Amino acid sequence: MNVSELVLERSDTIPDFPKPGIVFRDLTPVFADADAFAAVIDDLAARFSGRFDAVAGVEARGFLLAAALAYAAHKPLVAVRKGGKLPGDVLSEDYALEYGSATLEIKPGQLAAGSRVLVLDDVLATGGSCSAAARLIERAGYSVAGMGLVLELEGLGARDKLAGYDVYAIVAEPA
Ligand SMILES: O=P(O)(O)OC[C@H]1O[C@H](OP(=O)(O)OP(=O)(O)O)[C@H](O)[C@@H]1O
Ligand SMILES: Nc1ncnc2[nH]cnc12
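Described below are features of the structure shown in this document.

Rules behind the numbers
- Residues numbered from 1 in each chain as written.
- Chains lettered and ligands numbered in written order.
- Predicted model: local features only at pLDDT ≥ 70, side-chain atom pairs only at ≥ 80, totals over all residues.
- Heavy atoms only, no water.
- Helix = DSSP H or I, 4+ residues; strand = E, 2+ residues; numbered from the N terminus.
- Near = heavy atom within 4 Å.
- Polar contact = N/O pair within 3.5 Å; in protein donor to acceptor, adjacent residues only side chain to side chain.
- Areas by Shrake-Rupley, 256 points an atom, 1.4 Å probe, with all protein chains shown as cover.
- 1 Å grid on protein atoms, 1.4 Å probe; cavity = no way out; pocket = protein on both sides within 12 Å on 5 of 7 lines; lining within 4 Å.
- Sits in = over half its atoms within 2 Å of the grid points.
- Phe/Tyr/Trp six-rings, centres within 6.5 Å; stacked < 30°, edge-to-face > 60°.
- Buried < 20%, exposed > 50% of the residue type's maximum accessible area, 1.4 Å probe, protein only.
- Lys NZ or Arg CZ within 6 Å of the ring centre and 35° of its normal.

## Considering the environment of alanine 54
Position of alanine 54 among the secondary structure elements: in strand E3 (residues 54-58). Remark: the alpha-carbon pair of alanine 54 and alanine 145, spanning 91 residues in sequence, is separated by 8.9 Å.

## Some words on the site of ligand 1
Around ligand 1 sit 16 residues, and of these Tyr99, Asp121, Asp122, Thr126 and Ser129 come closest. Between ligand 1 and glycine 128 there is a distance of 3.4 Å, counted from an oxygen atom to a backbone nitrogen or oxygen. Expressed as a share of its isolated accessible area of 500 Å², the protein-covered part of ligand 1 is 86%. At a threshold of 2 Å from the grid points, most atoms of ligand 1 map onto the largest pocket. Residue assignment for the shell around ligand 1 shows that the elements contributing at least two residues are strand E7 (116-124) and helix H5 (128-139).

## Focus on the packing of aromatic side chains
Per the counting criterion, the structure on display carries 4 aromatic pairs. On the numbers, 5.4 Å between centres and 90 degrees between planes, the contact of phenylalanine 31 with phenylalanine 37 is edge-to-face. An angle of 70 degrees between the planes, with centres 6.3 Å apart, marks the rings of phenylalanine 48 and tyrosine 168 as edge-to-face. Residue phenylalanine 48 is located in the loop between helix H3 (34-47) and E3, and its partner tyrosine 168 is located in strand E9 (residues 167-174); the two are separated by 120 residues in the primary sequence. Residue phenylalanine 48 shares its accessibility class with tyrosine 168, and that shared class is buried. Taken together, the ring pairs connect Phe17, Phe24 and Tyr99 into an aromatic cluster. Above the ring of phenylalanine 48, the side-chain terminus of arginine 47 is found at 4.8 Å from the ring centroid.

And the structure:
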């Protein structure tokens, strides 16, 4: 099986989670399969090879991808955390997602100015999380090298919100 087939084969679909009307795509079984997880990390690393100086993981599921890819590529890792979790000076961005709203935060000054940062997350839905992460990276004085996702839910407006960025999803399917 290729990486897209592995993702489709292993992922789960849960209707009405976390709220009625939301069809939740659960990728934790992909992470729980060593071959599928390795294929995902290798695919993202190859797609963006030579184009990034650091990776940023979006809390919480993006952390899993970012940590593995940072290690594999031997690049620094920046945590894009949910609001209120980071101590000291932080940059903060509010955003909306498919089932609510939230805040993401980043600690500035952790990377060299102008670093090319690859944003990683598991699912792209409305694009609110990736767009807020990109705003934080740019406000911190870095550039966005691209955005790497495992699964894109099409038709929720993410591509419009992220116009101008190099957005790559291993699998895309209708929301
Ligand atoms: O494109 P969007 O509409 O922003 O949706 C995608 C985001 O939603 C999910 O995270 P969630 O905020 O549910 O947090 P979690 O990873 O902590 O469960 C997912 O992991 C992405 O981060
Ligand atoms: N439908 C969905 N499934 C999984 N993660 C999501 N994040 C936002 N919408 C989602």
